[in-house]
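# Coordinate inspection notes
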Amino acid sequence: MPRRAVPIDFVVIGAGIVGLATARRLLQRFPDCSVLVVESESDVAAHQSGHNSGVLHSGIYYKPGSIRASTCRSGKAAMEAFCDEHQIPWDRCGKVIVATDQAELQSLQRIAERGRENDVALERLDSDQLRELEPNAAGIAALHVPETGIVDFRVVCRKLAECIRRAGGRIIFDTRIVAIDATPRSIRLTAADGQVFESAMMINCGGLQCDRIAAMAGVSPQIRIVPFRGEYYELAPGRETLVRNLIYPVPDPSFPFLGVHFTRMIDGGVECGPNAVLALAREGYDWKTIRLKDLSQTLGFGGFRKLALRHWKTGLGEMHRSLSKAAFVAALQKLMPCLTASDLVRGRAGVRAQAVSPDGQLVDDFLFQRSDAAVHVLNAPSPAATASLAIAQSIVDQVER
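Let me begin by describing the structure that accompanies this report.

Reading guide: rules and limits
- Residues numbered from 1 in each chain as written.
- Predicted model: local features only at pLDDT ≥ 70, side-chain atom pairs only at ≥ 80, totals over all residues.
- Heavy atoms only, no water.
- Pairing = 2+ DSSP bridges.
- Helix = DSSP H or I, 4+ residues; strand = E, 2+ residues; numbered from the N terminus.
- Axes fitted to C-alpha atoms, helices over the stretch in contact; angles between N-to-C directions.
- Parallel < 35°, antiparallel > 145°, perpendicular 65-115°, else oblique.
- Left-handed = near helix turned anticlockwise from the far one by under 90°.
- Contact = heavy atoms within 4.5 Å.
- Phe/Tyr/Trp six-rings, centres within 6.5 Å; stacked < 30°, edge-to-face > 60°.
- Buried < 20%, exposed > 50% of the residue type's maximum accessible area, 1.4 Å probe, protein only.
- Lys NZ or Arg CZ within 6 Å of the ring centre and 35° of its normal.
- Salt bridge = Lys/Arg side-chain N within 4 Å of Asp/Glu carboxyl O.
- Core = buried A, V, L, I, M, F, W, Y, C linked by side-chain atoms within 4.5 Å.

## So, the pairing of strand β10 (residues 177–182)
Relative to strand β11 (residues 187–191), β10 runs antiparallel, the two sharing 5 bridges. From the neighbouring strand, Ile 177 faces β11, where its bridge partner is Ala 191. Between β10 and β11, which follow one another and run antiparallel, lie 4 residues.

## Re the packing of helix α1 (residues 17–29) against helix α5 (residues 153–166)
Closest axis-to-axis distance for the α1/α5 pair is 9 Å, and the angle between their directions is 30 degrees. With respect to each other, α1 and α5 are oriented roughly parallel. When you trace α1 past α5, the crossing you get is left-handed. The segment α1 lies against α5, with Ile 17, Leu 20, Ala 21, Ala 23, Arg 24 and Leu 27 engaging Phe 153, Val 156, Cys 157, Leu 160, Cys 163 and Ile 164.

## A look at the packing of aromatic side chains
Scanning the model with the defined rule gives 3 aromatic pairs in all. Ring geometry for Phe 10 versus Phe 30: centroids 5.4 Å apart, planes at 25 degrees, classification stacked. You can see Phe 10 sitting in strand β1 (residues 6–13) and its partner Phe 30 sitting in the loop between α1 and β2 (35–38), a full 20 residues away along the chain. Ring centres of Tyr 61 and Tyr 62 lie 6.4 Å apart, and the angle between their planes is 65 degrees; this geometry places the pair in the edge-to-face category. Taking relative accessible area as the criterion, Tyr 62 reaches 6% and is therefore assigned buried. Positioned above the aromatic ring of Trp 287 is the side chain of Arg 229, whose terminal nitrogen or guanidinium carbon lies 4.7 Å from the ring centre. One cation-aromatic arrangement involves Arg 348 over Tyr 232; the distance from NZ or CZ to the ring centre is 5.5 Å.

## So, the pattern of salt bridges
With the rule as written, the count across this model stands at 18 salt bridges. When the shortest N-O distance is used, the salt bridge between Asp 91 and Arg 264 registers 2.7 Å. Taken together, the positions of Asp 91 in strand β4 (residues 90–91) and Arg 264 in strand β15 (residues 261–264) put the pair 173 residues apart, joining distant regions of the chain. For the salt bridge of Asp 211 with Arg 282, the shortest nitrogen-to-oxygen distance reads 2.6 Å. Of this pair, Asp 211 sits in helix α6 (residues 210–216) while Arg 282 sits in the loop between β17 (277–278) and α7 (292–300), placing them 71 residues apart in sequence. The pair formed by Asp 211 and Arg 282 is uniform in burial state, with each residue classed as buried.

## Looking at the nonpolar core
Counting residues in each nonpolar core, the largest one holds 45 residues, and the members touching the most others are Ile 17, Val 156 and Ile 203. For this core, the elements supplying multiple residues, two or more each, are β1, α1, β2, α2 (67–85), α5, β12 (196–204), β20 (374–379) and α11 (384–400). It is α11 that provides the largest number of residues to this core, a total of 9 residues. Setting aside chain neighbours within four positions, we find Ile 17 in contact with Ser 49, Met 79, Phe 153, Val 156, Cys 157, Leu 160, Ala 385 and Ser 388. Core analysis: the second largest hydrophobic core is formed by 22 residues, Leu 125, Ala 137, Ile 247 and Met 336 among them.

What follows is the structure, encoded as structure tokens:
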């Protein structure tokens with residue numbers, strides 16, 4: 001017999017950083033309302049929010065006027081204030097974006113121009129000035145972005161969860177939604193264990209599953225989530241001094257990934273990477289994890305096939321770096337020639353939920369879709385963690401319309 005529906009004002013699907021930030025903001029804006037966060041995993045930040053590089057991005061890369069640009073700037077300030085308020089360690093350490101040959105100088109200049117349009121403080125460096133900041137980095141020119149920072153977003157997520165509970169909200173784990181019945185004025189969610197929730201509004205922050213959740217709710221998103229795995233190495237103990245802060249390459253303008261880079265973490269370690277390879281499951285953190293349903297949906301999507309045809313050479317290079325440590329080291333040596341294979345130990349991996357359009361384009365901005373009783377977050381890759389508090393405000397603004 002079906003369980004009796006539990007009435008709730010707002011149901012948020014997903015206890016990643018965007019879902020938690022949204023639930024907190026809902027409770028701030030509507031303190032007398034009930035808010036429930038439903039998470040299929042056993043803890044907060046189980047996927048993207050707990051597997052990213054922990055960078056507080058400046059907003060230098062994003063198209064001026066885009067949602068990513070505006071929310072990154074305001075969200076970064078809000079995140080720094082949140083961390084200060086709750087005594088979460090963070091550091092405004094700065095980063096350099098390094099051009100290693102003449103062919104990259106034009107792209108470096110475009111990044112500088114975009115950064116200035118986004119009100120990002122930056123400085124152009126010559127090779128001598130670069131070596132003063134990062135003695136082991138090799139480049140003919142660089143941009144110094146002093147306001148870039150680092151934090152542990154898993155710690156942020158745990159604090160957001162604490163704030164939600166303190167304000168009267170609830171978070172339930174190990175609860176996977178399997179059916180959604182949406183009407184113009186309400187939405188009914190059924191979980192795999194038989195629990196039923198009835199709400200006036202659902203916020204879909206399902207990350208790697210967001211397109212499927214939207215489809216269950218009767219929305220037909222044009223995009224499809226394609227999972228890309230990013231794999232990291234770490235500098236071996238005692239070699240962390242090779243990197244002072246953050247060292248990035250000039251990114252490929254045709255590909256929305258920033259390339260392998262060096263990232264000092266808030267705990268003192270240094271991550272090197274990531275690459276970007278197709279994951280064989282939506283939660284596929286290694287080559288051994290294969291889910292035929294996920295893989296067949298990806299390969300059967302025309303948008304992915306068009307993307308693969310356009311970027312097959314880049315894709316093969318990323319796969320080579322995934323399977324060969326020597327190839328990974330060679331990519332890093334472009335930025336740091338003194339690096340050797342013995343300086344690196346295998347690190348963790350993360351999976352990026354990347355929205356792809358039917359014409360094979362990687363969606364290059366945050367993407368939201370509103371239906372009668374729901375708001376669906378359909379693309380929230382980096383810098384979503386940095387921007388999460390501002391994204392939450394944007395979602396609540398849509399709820400109020």
